[in-house]
Amino acid sequence: MTDEVVYEANRSTFTRLPHYIAAVWRHRQLAINLARAEVKASHQDTLLGQFWQLLNPILLAVSYLFLFEIVAPRPGGFDFLAFLLVGLFPFYFTRDAAVRGAGSVLGGGWLVTNTRLPRAVLPLAAVLRAIRSFSAACVVYIPIHLISGQGATWALLALPLVLALLALFNLGLALLLSAAAVFVRDVRTALPYGVRIWLYTSPVLYTFEEVPDKLEPVLIANPLTSFLTPIQQILTEGRWPSGWWMLGAVAWSLGALLVGSLFFASKEHEFAFRL
């Protein structure tokens, strides 16, 4: 049996963090199984079952296609749909990781109070579930990308790196929110409203270059800009992402992961008393 790893909030938390990360890594299979079980449970009573993982992004794409091709046609037509999904699917990846992560510790109370394991396994499982949903969205996007005439370029080689950095950022965000929600339950209630505002202040419906100069500082301060802009450059412009945006993506992902991990590890010992 693996000893429980719990850290109190003090200066030594930073130096002991690598040991905590190692403990979480030893329990990675549990996180994978939890994510898989949650996906199966969410669709077990439906007729289509696991096919909903693909059907959800398909219906989203069809909805926007109907909107921008029939109801309110936009210049570019199908090309605009491809551009829109390039921003929406990664944004929903972050949204799902944040929302599911925020409720992961509260929803896994029985694991927190009755098992001996690093509690970070719970937000990790939430992010893994978000990755499964995002993977299905990527499958749906591929034919849309090809039909829009974007094709394949050498810049696609940089895409896995950008998505990996986004996944690390999402994990750090999930760790931070999951711990905060234990102490302030309003976090889960306010999060959907915050995510909605985040969508409109992120380069999803528009590019960074289209924003007026006076609003550029707002987008620069938005961490998702450093991920969405390189993805747009790779998929819709067919070119290598800007070095500055990539540096921003690295900084945001590592910063979020460090802050989230430290905050989570320092508060973990109080979870059982707060649930």
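Note that the coordinates shown come from a computational prediction; the quantities given were computed from them, not determined experimentally.

Participant: Residues and numbers for the overall build of the protein chain, please.
Facilitator: Broken down by element type, the protein chain carries 13 helices and zero strands. Scanning the protein chain from its N terminus toward the C terminus, one meets helices and strands in the order α-α-α-α-α-α-α-α-α-α-α-α-α. The 275 residues of the protein chain split such that 48% are buried. Taking the intrachain contacts of the protein chain between residues at least 6 apart in sequence as the baseline, contacts between residues at least 24 apart amount to 78%. Accessible area of the protein chain: about 14,100 Å², with a carbon and sulfur share of 66%.

Participant: Lay out helix H11 (residues 225–235) with the relevant residues and their values.
Facilitator: The periodicity of an α-helix, 3.6 residues per turn, causes residues three or four positions apart to be oriented the same way. Within H11, 11 of the 11 residues are buried, which leaves it mostly tucked inside the rest of the structure. By the burial criterion, the buried members of H11 are Thr-225, Ser-226, Phe-227, Leu-228, Thr-229, Pro-230, Ile-231, Gln-232, Gln-233, Ile-234 and Leu-235.

Participant: So what's going on with the environment of Glu-209? Which residues, and what values?
Facilitator: Relative to the assigned elements, Glu-209 resides in the loop between helix H9 (186–200) and helix H10 (216–221). For Glu-209, a relative accessible area of 52% translates into the label exposed. Measuring from C-alpha to C-alpha, the distance between Glu-209 and Thr-229 comes to 9.7 Å, with 20 residues separating the pair along the chain.

Participant: If you had to explain the pattern of salt bridges to someone new, which residues and values would you point to?
Facilitator: The full count for this structure, using the stated rule, is three salt bridges. Note that Glu-38 is salt-bridged to Arg-129, the shortest N-O span being 4.0 Å. With Glu-38 in helix H2 (residues 28–43) and Arg-129 in helix H7 (residues 121–147), this residue pair connects regions lying 91 residues apart in the sequence. A relative accessible area of 17% means that Arg-129 is categorised as buried.

Participant: Pulling in residues and values, what's your account of the packing of aromatic side chains?
Facilitator: Evaluation of the coordinates by the stated rule reveals seven aromatic pairs. Judged by centre distance (5.4 Å) and plane angle (40°), the rings of Phe-169 and Phe-227 are tilted. Taken together, the residues span a long stretch of sequence, with Phe-169 in helix H8 (residues 159–183) and Phe-227 in helix H11 at a distance of 58 residues. Each member of the pair Phe-169 and Phe-227 is classed as buried. Over the ring of Phe-183 we find Lys-267, and its NZ or CZ is 5.9 Å from the ring centre.

Participant: I'd love a proper account of the side chain of Thr-225, names of residues and values included.
Facilitator: For Thr-225, the position within the fold is in helix H11. Setting aside its immediate chain neighbours within four residues, Thr-225 contacts Pro-203, Phe-208, Leu-219, Pro-230 and Trp-245.

Participant: Tell me about H7, and please be specific about residues and values.
Facilitator: Spanning 27 residues, H7 covers 40 Å between terminal C-alpha atoms, matching the ideal 39 Å at 1.5 Å per step. Bending of H7 peaks at approximately 25° at the position of Tyr-141, with proline Pro-143 no more than four residues after it. Backbone geometry just after H7 places Gly-149 at a positive phi near 85°.

Participant: Give me the nonpolar core: which residues, what numbers.
Facilitator: Judged by nonpolar contacts, the single largest core of 72 residues is most densely connected at Leu-85, Phe-91, Phe-169, Leu-224 and Phe-264. Residues in contact with Leu-224, not counting those within four places in the same chain, are Phe-91, Thr-94, Leu-166, Phe-169, Trp-198 and Ser-202.

Participant: If you had to explain the packing of H8 against H11 to someone new, which residues and values would you point to?
Facilitator: Where H8 contacts H11, the axes come no closer than 10 Å and their chain directions differ by 160°. Taken together, the axis directions place H8 and H11 in an arrangement best described as roughly antiparallel. Crossing handedness for the pair H8 and H11: left-handed. In this structure, H8 uses Leu-159, Val-162, Leu-163, Leu-165, Leu-166 and Phe-169 to contact H11, whose residues at the interface are Phe-227, Pro-230, Ile-231, Ile-234 and Leu-235. When grouped by side-chain class, the residues that make up the contact of H8 with H11 number 11 nonpolar, no polar and no charged.

Participant: Residue-level account of a nonpolar patch on the surface, with values.
Facilitator: Together, Trp-154, Leu-157 and Trp-240 make up a nonpolar patch on the protein surface, roughly 450 Å² of accessible area in all. Its location among the elements puts Trp-240 in the loop between H11 and helix H12 (243–267).

Participant: An account of the confidence of the model for the protein chain is requested, with residue identities and associated values reported.
Facilitator: Per-chain confidence: the protein chain averages 85 in pLDDT, with 86% of residues scoring 70 or above. The low-confidence segment residues 6–11, where pLDDT is below 50, has 16 contacts with residues more than four positions distant or belonging to other chains.

Participant: Lay out the side chain of Ser-253 in plain terms, naming residues and giving numbers.
Facilitator: Here Ser-253 shows up in helix H12. Reaching out from Ser-253, the side chain makes a polar contact with the backbone oxygen of Val-250 at a distance of 3.0 Å. Residues in contact with Ser-253, not counting those within four places in the same chain, are Leu-165, Leu-168, Phe-169 and Phe-227.

Participant: Report on the environment of Ala-152, specifying residues and quantitative values.
Facilitator: Position of Ala-152 among the secondary structure elements: in the loop between H7 and H8. By relative accessible area, Ala-152 is classed as exposed at 70%. Taking C-alpha positions, Ala-152 is 7.6 Å from Gly-238, a pair spaced 86 residues apart along the chain.

Rules behind the numbers
- Residues numbered from 1 in each chain as written.
- Predicted model: local features only at pLDDT ≥ 70, side-chain atom pairs only at ≥ 80, totals over all residues.
- Heavy atoms only, no water.
- Helix = DSSP H or I, 4+ residues; strand = E, 2+ residues; numbered from the N terminus.
- Buried < 20%, exposed > 50% of the residue type's maximum accessible area, 1.4 Å probe, protein only.
- Contact = heavy atoms within 4.5 Å.
- Areas by Shrake-Rupley, 256 points an atom, 1.4 Å probe, with all protein chains shown as cover.
- Salt bridge = Lys/Arg side-chain N within 4 Å of Asp/Glu carboxyl O.
- Phe/Tyr/Trp six-rings, centres within 6.5 Å; stacked < 30°, edge-to-face > 60°.
- Lys NZ or Arg CZ within 6 Å of the ring centre and 35° of its normal.
- Expected span 1.5 Å × (residues − 1).
- Bend = angle between axes of the 7 residues up to and from the residue.
- Core = buried A, V, L, I, M, F, W, Y, C linked by side-chain atoms within 4.5 Å.
- Axes fitted to C-alpha atoms, helices over the stretch in contact; angles between N-to-C directions.
- Parallel < 35°, antiparallel > 145°, perpendicular 65-115°, else oblique.
- Left-handed = near helix turned anticlockwise from the far one by under 90°.
- Nonpolar A, V, L, I, M, F, W, Y, C, P; charged D, E, K, R; others polar.
- Patch = residues over 30% accessible without salt bridge, like charges linked within 9 Å, V, L, I, M, F, W, Y side chains within 5 Å.
- pLDDT = per-residue confidence, 0-100.
- Polar contact = N/O pair within 3.5 Å; in protein donor to acceptor, adjacent residues only side chain to side chain.

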